[in-house]
Amino acid sequence: MTGKSVALRSIRRLLRRKPSGPGSPAVNSRPTLPPRAVWHRTGTGVFPYAARTDGHWWVLRLNDFPEHPLWTLFVDAQVVGDLDDAPAGLQPAPGTALPGLSEPERAEVLRLVAGLGPYGAESGTPCTSDYCTCSALTDAYVARPDSHR
């Protein structure tokens, strides 16, 4: 496996939350995870990685850990589930870096994840806890280059 690709099979083992709420897919209707994807840096610290696979955008949101699970995986802005650990392969081989998205790709990903910065926004109940930074994760903040928390 190269530093530019990751076996998404590991994500299947890491998924832990079943989506809930109106419009959420049932567990059996989760999309089939592709065996490999080429991950790219998005240039934002909130949704730091994205991969386009079979015409669909797979996007990882970095959550405010330990208040929330470390990651949430989205496919075309639909939540797939939460991850406790970073998927294998997101750390490139020593001396290499994951490629960045082009500006048009980055804009497309940011349009897809608009409104999904705070944990829980995907189910219509964004986090408002005083113990995390979710309330600061506006679309403007998410779109800032390398917006780290």
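The rules behind the values
- Residues numbered from 1 in each chain as written.
- Predicted model: local features only at pLDDT ≥ 70, side-chain atom pairs only at ≥ 80, totals over all residues.
- Heavy atoms only, no water.
- Phe/Tyr/Trp six-rings, centres within 6.5 Å; stacked < 30°, edge-to-face > 60°.
- Helix = DSSP H or I, 4+ residues; strand = E, 2+ residues; numbered from the N terminus.
- Buried < 20%, exposed > 50% of the residue type's maximum accessible area, 1.4 Å probe, protein only.
- Salt bridge = Lys/Arg side-chain N within 4 Å of Asp/Glu carboxyl O.

Participant: Break down the packing of aromatic side chains for me, with residues and values.
Facilitator: This structure, assessed with the given rule, holds 2 aromatic pairs. Taking the centre distance of 6.0 Å and the plane angle of 45 degrees together, the rings of Tyr-49 and Trp-71 count as tilted. Of the two residues, Tyr-49 sits in strand 4 (residues 49-53) while Trp-71 sits in strand 6 (residues 71-75), which places them 22 residues apart along the sequence. We classify Trp-71 as buried; its relative accessible area is 6%.

Participant: Now, about the pattern of salt bridges: what can you tell me, with residues and values included?
Facilitator: If you walk through the whole model with that rule in mind, you get 2 salt bridges. The salt bridge involving Arg-52 is made with Glu-108; its shortest N-O contact spans 3.1 Å. Placement of the pair is Arg-52 in strand 4 and Glu-108 in helix 2 (residues 103-112), with a sequence separation of 56 residues. Overall, Arg-52 belongs to the partly exposed group, its relative accessible area being 41%. Between Arg-61 and Glu-122 there is a salt bridge whose closest N-O contact spans 2.9 Å. Of this pair, Arg-61 sits in strand 5 (residues 56-62) while Glu-122 sits in the loop between helix 2 and helix 3 (139-143), and the two are 61 residues apart along the sequence. Taking relative accessible area as the criterion, Arg-61 reaches 0% and is therefore assigned buried.

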